[in-house]
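Each chain is listed here by its residues.
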Amino acid sequence: MKINYRIYYILFAFFSVQTSYAQLPEPLVLEPLKTAPTLEDKLKAKAKELELVRSHLATLLFKDQINTTAGTPPTYPVSAGIYSNGSFNTNALSGYDQLLTLSRSVGDRKKEAEALSAFGDLYAIEGQLEKSVQYYKEALQVKETLKNRQDVARTSYRLASVLNYKKDYQDALVFYDYAARTASEIRNYSLLALTYSEIGKVKFAQNNFKEAEALFMKKALPLYTRMGDRRRRITCFENLAKLY
């Protein structure tokens, strides 16, 4: 009888232990702790954000430069598909090609120049800068034969703006200088002041600080003051602040 009690006690103890183990919670698996970002990591992240902002602003400013000298949109044949309802149609490359071909076939140099300039504008805004430079140069050559100094000055400025955006500073200065001389001849003081400002920024980028200061202070600023262009005067002072 004692043996039976012992067997019963052993079996009871065994099953009790098994049950208690079964009721234990699952072991807690801890994920490895993430290390806090260092100061260097934070600075790198911030620098990347700032670079994106700078790039975006540079693109907007560049587009503003192109649009500033665009003037009144030229009138193109509706069949060319370049303007629809008075709006600039950026998907009209076939229309540009058609207009360019037609104008060359009939010897209409003025329309040819307009088409080439339109190609330059389109590719500049789309970011295809090499193509933009190519078409602006072709447009400039045609406009020089037409002796329209106003168009020559504007196209030269826009070509220089693309080259400047590409950081081809030496080539940009050549066409900025041409734009400034032409604008001065025809007394387009607004374009002249704008060109002096851009030349100043190029000189600043090349670390030619004295030349940059002279262009802002003695060339651009007096013209903006004479014309009462407050917005661009403020921009000129901002450029001087960066310079100093």
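Scroll up a little and you will see the structure.
Let me sum up the structure you'll find in this document. In this text, all values refer to a predicted model and were calculated from it rather than measured experimentally.

What about the packing of helix H8 (residues 189-205) against helix H9 (residues 209-227)?
Okay, step 1: The interhelical angle for the contact between H8 and H9, taken along N-to-C directions, is 160 degrees, at an axis separation of 8 Å. Judged by the angle between their axes, H8 and H9 are roughly antiparallel. In the crossing of H8 with H9, the sense of the turn from one axis to the other is left-handed. Residue-level inspection shows Tyr189, Ser190, Leu192, Ala193, Leu194, Tyr196, Ser197, Ile199, Gly200, Lys201, Lys203 and Phe204 of H8 in contact with H9, the latter providing Phe209, Glu211, Ala212, Leu215, Phe216, Lys219, Ala220, Leu223, Tyr224, Arg226 and Met227.
Okay, step 2: Across the contact of H8 with H9, the residue classes tally to 15 nonpolar, three polar and five charged.

Notes on unusual backbone geometry
Okay, step 1: Even without being a glycine, Lys147 presents a positive backbone phi close to 60 degrees.
Okay, step 2: The topology assignment puts Lys147 in the loop between helix H5 (129-146) and helix H6 (149-165).
Okay, step 3: Note on Lys147: relative accessible area 69%, which makes it exposed.
Okay, step 4: The phi dihedral of Lys167 is positive, around 70 degrees, even though this residue is not glycine.
Okay, step 5: If you trace the backbone, Lys167 turns up in the loop between H6 and helix H7 (169-185).

Notes on the packing of aromatic side chains
Okay, step 1: Within the structure shown, the criterion is met by five aromatic pairs.
Okay, step 2: Aromatic rings pair up to connect Phe119, Tyr123 and Tyr135 into one cluster.
Okay, step 3: The cationic tip of Arg226 hangs over the ring face of Tyr189; the distance from NZ or CZ to the ring centre is 5.4 Å.

Brief notes about the pattern of salt bridges
Okay, step 1: This model, assessed by the stated rule, comprises ten salt bridges.
Okay, step 2: One salt bridge in this structure joins Lys111 and Glu114, with 3.4 Å as the shortest N-O distance. Of the two residues, Lys111 and Glu114 both sit in helix H4 (residues 109-126), three residues apart, roughly one turn of that helix.
Okay, step 3: Its relative accessible area of 25% is what places Lys111 among the partly exposed residues.
Okay, step 4: Overall, Glu114 belongs to the buried group, its relative accessible area being 17%.
Okay, step 5: Here Glu198 and Lys201 are joined by a salt bridge, their closest N and O atoms 3.0 Å apart. Here Glu198 and its partner Lys201 are both found in helix H8, three residues apart, which amounts to about one turn of the helix.
Okay, step 6: A residue is classified by how much of its surface remains accessible, and Glu198, at 4% relative accessible area, is buried.
Okay, step 7: One salt-bridge network, in which partners are shared between bridges, spans Glu130, Lys166 and Asp168.

What counts, and where the lines are drawn
- Residues numbered from 1 in each chain as written.
- Predicted model: local features only at pLDDT ≥ 70, side-chain atom pairs only at ≥ 80, totals over all residues.
- Heavy atoms only, no water.
- Axes fitted to C-alpha atoms, helices over the stretch in contact; angles between N-to-C directions.
- Helix = DSSP H or I, 4+ residues; strand = E, 2+ residues; numbered from the N terminus.
- Parallel < 35°, antiparallel > 145°, perpendicular 65-115°, else oblique.
- Left-handed = near helix turned anticlockwise from the far one by under 90°.
- Contact = heavy atoms within 4.5 Å.
- Nonpolar A, V, L, I, M, F, W, Y, C, P; charged D, E, K, R; others polar.
- Buried < 20%, exposed > 50% of the residue type's maximum accessible area, 1.4 Å probe, protein only.
- Phe/Tyr/Trp six-rings, centres within 6.5 Å; stacked < 30°, edge-to-face > 60°.
- Lys NZ or Arg CZ within 6 Å of the ring centre and 35° of its normal.
- Salt bridge = Lys/Arg side-chain N within 4 Å of Asp/Glu carboxyl O.

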